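# Observations on chain architecture
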Amino acid sequence: MKLEFKVPSMVCEGCVDTVKKAIAKVDSTAQVDVVLETKAVTVETESSAESIQQAIAGAGHTVA
């Protein structure tokens, strides 16, 4: 399933890497696309939206 999130706390490529790694811990096969300029994160995954949001929040980022 395709999930889309806004992560306004991402400000650099390091943040992007942190978010991608956090999502990979929940679903190592997830396809993650991040557009830093718009702070958009698109995830193709079988995991729930809640679990992905919790992973991003657990990595120290906010999900709008």
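In what follows, the structure referred to is the one given above.
Every value quoted in this text rests on a predicted model; they were computed, and no experiment measured them.

### Notes on the sheet that holds strand S3 (residues 40-44)
The strand order across the open sheet formed by 3 strands is S1-S3-S2, and the pairing between neighbours is antiparallel. Each edge of the sheet is formed by a strand with only one pairing partner; in this case those strands are strand S1 (2-6) and strand S2 (31-35). For this sheet, the mean inter-axis angle between neighbouring strands, taken without regard to orientation, is 15 degrees. Here S2 pairs with S3 via 5 bridges, running antiparallel. In the sheet register, Val32 faces S3, and the bridge partner there is Val43.

What counts and what doesn't
- Residues numbered from 1 in each chain as written.
- Predicted model: local features only at pLDDT ≥ 70, side-chain atom pairs only at ≥ 80, totals over all residues.
- Heavy atoms only, no water.
- Pairing = 2+ DSSP bridges.
- Helix = DSSP H or I, 4+ residues; strand = E, 2+ residues; numbered from the N terminus.
- Axes fitted to C-alpha atoms, helices over the stretch in contact; angles between N-to-C directions.

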